[in-house]
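Analysis of the macromolecular model
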Amino acid sequence: MTKAWAPVFSDVDPRSRKPRTAGVTMVIDKCQGPGATVDLLAMAGEYIDHWKLSFGTSALLEEDLLRDKIARVRDKGTLIYPGGTLTEYAIVRGACRDYMRRARSLGFNGIEISDGTIHLSPAIRRDVIRFALDLGLVVVAEVGKKDPREQPSAEALAKQALADFEAGASWVIVEARESGKGVGVYGEDGSVHEQDVDIIATALNSHLDRLIWEAPLKNQQEYFILRFGPDVCLGNIQPRDVLGVEALRAGLRFETLRPLIEEMERERAEDIPSLAERVSRIARRRLPEA
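Read on for an overview of the structure.

Procedures and definitions
- Residues numbered from 1 in each chain as written.
- Predicted model: local features only at pLDDT ≥ 70, side-chain atom pairs only at ≥ 80, totals over all residues.
- Heavy atoms only, no water.
- Salt bridge = Lys/Arg side-chain N within 4 Å of Asp/Glu carboxyl O.
- Helix = DSSP H or I, 4+ residues; strand = E, 2+ residues; numbered from the N terminus.
- Buried < 20%, exposed > 50% of the residue type's maximum accessible area, 1.4 Å probe, protein only.
- Axes fitted to C-alpha atoms, helices over the stretch in contact; angles between N-to-C directions.
- Parallel < 35°, antiparallel > 145°, perpendicular 65-115°, else oblique.
- Contact = heavy atoms within 4.5 Å.
- Nonpolar A, V, L, I, M, F, W, Y, C, P; charged D, E, K, R; others polar.
- Left-handed = near helix turned anticlockwise from the far one by under 90°.
- Arc of directions from axis to C-beta.
- Patch = residues over 30% accessible without salt bridge, like charges linked within 9 Å, V, L, I, M, F, W, Y side chains within 5 Å.
- Areas by Shrake-Rupley, 256 points an atom, 1.4 Å probe, with all protein chains shown as cover.
- Phe/Tyr/Trp six-rings, centres within 6.5 Å; stacked < 30°, edge-to-face > 60°.
- Lys NZ or Arg CZ within 6 Å of the ring centre and 35° of its normal.
- Pairing = 2+ DSSP bridges.
- Right-handed = clockwise from strand over helix to strand, strands pointing away.

Okay, the pattern of salt bridges next. Inspection of every chain in the model, using the stated rule, returns 23 salt bridges. Across the pair K3 and E46 runs a salt bridge whose closest N-O atoms are separated by 2.5 Å. On the criterion of sequence distance, the pair formed by K3 in the segment before β1 (25–29) and E46 in the loop between α1 (34–44) and β2 (50–53) is long-range, its members being 43 residues apart. For K3, a relative accessible area of 29% gives the class partly exposed.

Two elements in contact, helix α3 (residues 84–92) and helix α4 (residues 96–106), have axes whose closest approach is 7 Å; the angle formed by their N-to-C orientations is 140°. Judged by the angle between their axes, α3 and α4 are oblique. Together, L86, T87, A90 and I91 of α3 and C96, Y99 and M100 of α4 make up the contact between the two elements. Per-class residue counts for the contact of α3 with α4 are six nonpolar, one polar and no charged.

It is worth spelling out the packing of helix α7 (residues 194–203) against helix α8 (residues 218–228) at this point. The contact between α7 and α8 brings their axes to 13 Å, and the two run at 45°. The angle between α7 and α8 places the two elements in the oblique class. The chirality of how α7 crosses α8 is right-handed. In contact with E194, V197, D198 and A201 of α7, α8 contributes Y223, F224, R227 and F228.

Once that is clear, we can look at α1. Of all the residues in α1, the buried ones are T37, L40, L41 and A44. One face of α1 carries all of its buried residues, which in axial projection span an arc of 100°. In α1, the exposed positions that point more than 90 degrees away from the buried face belong to D39, A42 and M43. Next to the buried residues of α1 lie β2, α2 (63–74) and α9 (242–250).

Turning next to a nonpolar patch on the surface. Taken together, the side chains of W5, V8 and F9 define a hydrophobic patch exposed on the protein surface, amounting to about 370 Å² of accessible area. Along the chain, W5 turns up in the segment before β1.

Quick look at unusual backbone geometry now. Outside of glycine, negative phi angles account for most residues, and trans bonds account for most peptide bonds. K18 connects to P19 through a cis peptide bond whose omega is -5°. Within the secondary structure layout, P19 lies in the segment before β1. Even without being a glycine, F55 presents a positive backbone phi close to 50°. The topology assignment puts F55 in the loop between β2 and α2.

Attention now moves to the packing of aromatic side chains. A complete count under the given rule lists five aromatic pairs for this structure. Judged by centre distance (6.0 Å) and plane angle (35°), the rings of W5 and F9 are tilted. The exposure class of W5 is exposed, given its relative accessible area of 59%. Taking the centre distance of 6.3 Å and the plane angle of 10° together, the rings of F224 and F228 count as stacked. Pair noted here: F224 and F228 are both in helix α8, with a separation of four residues, about one helical turn. Through a chain of ring-to-ring contacts, the aromatic side chains of W213, Y223, F224 and F228 assemble into a single cluster. In this structure, R210 is placed above the aromatic ring of W171, and the distance from its NZ or CZ to the ring centre is 4.2 Å.

This next bit is on the sheet that holds strand β8 (residues 233–237). Backbone-to-backbone hydrogen bonds join strands into a sheet, with any given pair of strands oriented parallel or antiparallel. Strand order in the open sheet made by the eight strands is β3-β2-β1-β8-β7-β6-β5-β4, with parallel pairing throughout. Looking at strand neighbours, the two that pair on one side only are β3 (79–82) and β4 (110–113), the edges of this open sheet. Adjacent strand axes in the sheet meet at a mean angle of 25°, parallel and antiparallel pairs treated alike. Where β1 and β8 come together, two bridges link them in parallel fashion. Bridging across to β8, T25 finds its partner in L234. The strands touched by helix α5 (residues 122–134) within the sheet are β4 and β5 (138–143), with β5 carrying the most contacts at an inclination of about 155°.

Moving on, we come to the pairing of strand β7 (residues 211–214). Across a regular strand the side chains alternate sides, sitting on one face of the sheet and then on the other. Neither face of β7 is open: one carries L211 and W213, the other I212 and E214, and all of them are buried. The sheet contact formed by strand β6 (residues 171–174) and β7 spans three bridges and is parallel. What sits directly across from V172, in β7, is L211. Crossover handedness for the path β6 to α7 to β7: right-handed. Bridge analysis of β7 against β8 gives three bridges, and the strand direction is parallel. Of the residues in β8, the one forming a bridge with I212 is C233. The parallel pair β7 and β8 is bridged by α8, and the resulting crossover is right-handed.

What is shown is where atoms sit, not what they do.
Following this line, the structure appears as structure tokens:
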């Protein structure tokens, strides 16, 4: 499809197209009705790679409505899955296998596996991942706890993420909850703990393309895009923010355009470098040596 401004800005959005193997945007959906779903897919469907029906919200919907919603999302080439909390609920109820079979029969093409509220032994977590794979579901694992008082260390998050990738997960999410505060790699005010990001990124260097950083706040989205480039994976994006996040990725907002202009001025260049070029040439923050 031709973009509206293509005659003027032919390369405004040079990112890869779906299905992407890096740089995915995961939307968190709490209550998008049929009309809102259709509108969002029409406006921003090409920029949404993962669609998460958060918490256990999908269990509260009528079957026909849910099936229709899933079908519409999948028609856009998008991975759609119920939130990990529903998986945890199924495990606690002793219905994990039936839950996954039902997810597949409803049309979901992915499943999120987490232990943000419960505790899973490494063996059980591995078995749950493998059962989902046997059903043909794409596994999206999540690492981290939802309770700020029980936050694992960055080293523990990295270790669990590596184990999940080795077990067959296609993607791993770093937990941040919807607030983005006091959980995962974020402080109580939503600021990024850069040392924790360094530790995780160094340990998962070969898997960074498939590591999804939940980043519900704009300062977090800005940080990861300027840190890792426009093809960093971001999650827990509100539906209303999808185009705004893509604009950040493309250098179309102050937060990411300003660094490009500053570099152009320093180098006395005539052309503004792309965000990807800037990140690859002059990293804003460098990883510690392994």
